[in-house]
Protein chains: 2
Amino acid sequence: MPDLMMKIAIIDDKAGNRNILKEKLSCHPEFNITLVAENGKDFLEKLRSLADDMIPDVALMDLEMPEMDGVKSIALGAAFFPTIKFVVLTIFDDEEKIFRAIKAGACGYLLKEENSDTIASMLNHMHETGVGPISPGIAHKILQSMQKKSIEEHAGSPLKSIASNFDLTEREQEILQLLVQGLLYKEIGAKLDISPNTAKKHVMNIYQKLHINSRAQAMYLIYDKGLL
Amino acid sequence: MPDLMMKIAIIDDKAGNRNILKEKLSCHPEFNITLVAENGKDFLEKLRSLADDMIPDVALMDLEMPEMDGVKSIALGAAFFPTIKFVVLTIFDDEEKIFRAIKAGACGYLLKEENSDTIASMLNHMHETGVGPISPGIAHKILQSMQKKSIEEHAGSPLKSIASNFDLTEREQEILQLLVQGLLYKEIGAKLDISPNTAKKHVMNIYQKLHINSRAQAMYLIYDKGLL
DNA sequence: TAAACAATAATCCATACGGATTACTTCGTG
DNA sequence: CACGAAGTAATCCGTATGGATTATTGTTTA
């Protein structure tokens, strides 16, 4: 049996939602809210400055957020903090968003309208069995979208998913491609016929957009986490 | 509100299962079992000989059946009787079967272990809102298979074959593991409780054994060149 | 047309990295 | 017991990297 205590992170840009959720969870003593963030960027920053034993077990994540939305935060969070279970907690969204959140690594998808007991029991169920919580309405949407289009064709092209999820420009994709092959700035510059300084500038812009800070992290994201 | 009376079809090859299910539904007067069949072929034949107003609203379908299995019957049934909602009712199956049943046109997927009330409330919910019933465990499987497909299944631990091919020690494998996740020397040191200098020394030894000279090349070897 | 964005480029600084060398400890195995 | 292999640790050096800032040019679009 796992720990009885479950460390929970709440990520939502609206203070009202955060408080409602806190209140809902507070009735259940097994939940320990160890991290609250206003958006994905905030969340990742706080995570990085956290001691290992304070890393949350579960992140309850809204999708619509400024600075960094839920899909991006799940993709990055799941890559760098693989022990965290990401559960989307949101109002009813379109299939595309559901789909992208799941591909990013969400293991559950609950509607905000679910009541306190439902949420609690589903989270406990997940903690015990590993089975992610899914609201029936969401499951239905997933089924429909699966019937419509096969997943294979939706898998899409390599670097494109990074580009679409993180708004990389054409040039930045090109440079990322070379970067993750291990080329030096001067080599990238030579290959693209630009100054090494410019190559470096592009790389810095890419880091900002992906919210990482080293070439190694870029490679990790792209190669190991299949974000490519 | 739709009809209070819901016409139900039961398709299962085992008489025991049929009876258990009948019993479960009998507690709920809104269900009217109008058709019982032993397999898909039997089901379709009986359907064709039925008056229009006796066509069931819902078909509760087992998957493993002789003569004609559940997937085929759903595909054919959904084509010729588009008003019928097909709900798979089965024990826990592998992802592939779940997938095929959904693509064939199943609008719900329940586990046989669900209790009477759960099944009844989910069927009623579907009848009212059109939202198909899905057991949490099944929804979880679907999510997992979607994630796997999108991540494109890169094979298991490359580290072992690297180790065997290049005579890396246990400690070196351990360190390589952390290195290619993008950790700094100081982070590797902290994680393994050794000096960052030592971590670096190990990395230098690894580079020599692999005949490379940068972290990027290590990652390239392991991730892109698929293990080596 | 003005504003926003993309690509180009340079500079400064602190730090991380790759490379080489030296040294101490703890194991086994011969 | 002695020797080597593995793990530990420190130091010095030069280069590459990450981070921040500033600036010019062209393109797009509101």
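Predicted, not measured: the structure shown is a model, and the values here were computed from it.

Rules of the game
Chains are numbered independently. Their residues run from 1 in the order of the written sequence. Going through the entries in the order they are written, you letter the chains from A and number the ligands from 1. pLDDT decides what is reported in this predicted model: residues at 70 or higher carry local features, side-chain atom pairs at 80 or more are listed and counted, and totals for whole chains, interfaces and linings draw on all residues regardless. As a rule here, side-chain values cover all heavy atoms of the structure and leave hydrogens and water aside. Exposure is judged per residue with a 1.4 Å probe applied to protein chains only, and the accessible area is read against the type maximum: over 50% gives exposed, under 20% gives buried, and values in between give partly exposed. Strands here mean DSSP runs of E at least two residues long; helices mean DSSP runs of H or I at least four residues long; both are numbered from the N terminus. Pairs of residues are marked as contacts when any of their non-hydrogen atoms sit within 4.5 Å. Any two strands with at least two DSSP-identified bridges between them are counted as paired. Axis lines are fitted to C-alpha atoms, over the contacting stretch for helices. Their N-to-C directions set the angle, which ranges from 0 to 180 degrees. By the criterion applied in these results, polar contacts are pairs of N or O atoms within 3.5 Å in which, for protein atoms, one can donate a hydrogen and the other can accept it, and in which residues neighboring in sequence qualify only through two side-chain atoms. Here, nonpolar core means buried Ala, Val, Leu, Ile, Met, Phe, Trp, Tyr and Cys residues that are tied together by side-chain atoms lying within 4.5 Å of each other.

Trainee: Go over helix 2 (residues 40-48) of chain A, please, and point to the residues and values.
Mentor: What helix 2 of chain A keeps buried is the set Gly40(A), Asp42(A), Phe43(A), Leu44(A) and Leu47(A). Structurally, helix 2 of chain A contributes buried residues whose contacts are with strand 1 (6-11), strand 2 (31-37), strand 3 (58-61), helix 3 (70-80) and strand 4 (85-90) of chain A.

Trainee: Which residues make up the sheet that holds strand 5 (residues 108-111) of chain B, and what values go with them?
Mentor: For sheets, the rule is that strands pair by backbone hydrogen bonds, running either parallel or antiparallel. Residue and element names in this part refer to chain B. The strand order across the open sheet built from 5 strands is 2-1-3-4-5, with neighbouring strands paired in parallel fashion. The sheet terminates laterally at strand 2 (31-37) and strand 5, the two strands that pair on one side only. Taken over all neighbouring pairs, the strand axes of this sheet differ in orientation by 25° on average, direction set aside. Alignment of strand 1 (residues 6-11) against strand 2, held across 6 bridges, turns out to be parallel. Within strand 2, the position partnered with Ile-11 by the bridge is Ala-37. Its contacts with the sheet place helix 1 (residues 15-26) against strand 1, strand 2, strand 3 (58-61) and strand 4 (85-90), and it is angled at close to 170° to strand 2.

Trainee: Give a detailed account of the side chain of Asn39(B), specifying residues and quantitative values.
Mentor: With respect to the helices and strands, the residue Asn39(B) is situated in the loop between strand 2 and helix 2 (40-48). In terms of polar contacts, Asn39(B) uses its side chain to reach the backbone amide nitrogen of Asp42(B), at 2.9 Å.

Trainee: Give a description of the nonpolar core that names residues and reports values.
Mentor: Among the nonpolar cores identified, the biggest contains 114 residues, and Phe43(A), Ile142(A), Phe43(B) and Ile142(B) are the most heavily contacted of them. At 7 residues, the largest contribution of residues to this core is made by helix 12 (residues 215-224) of chain A.

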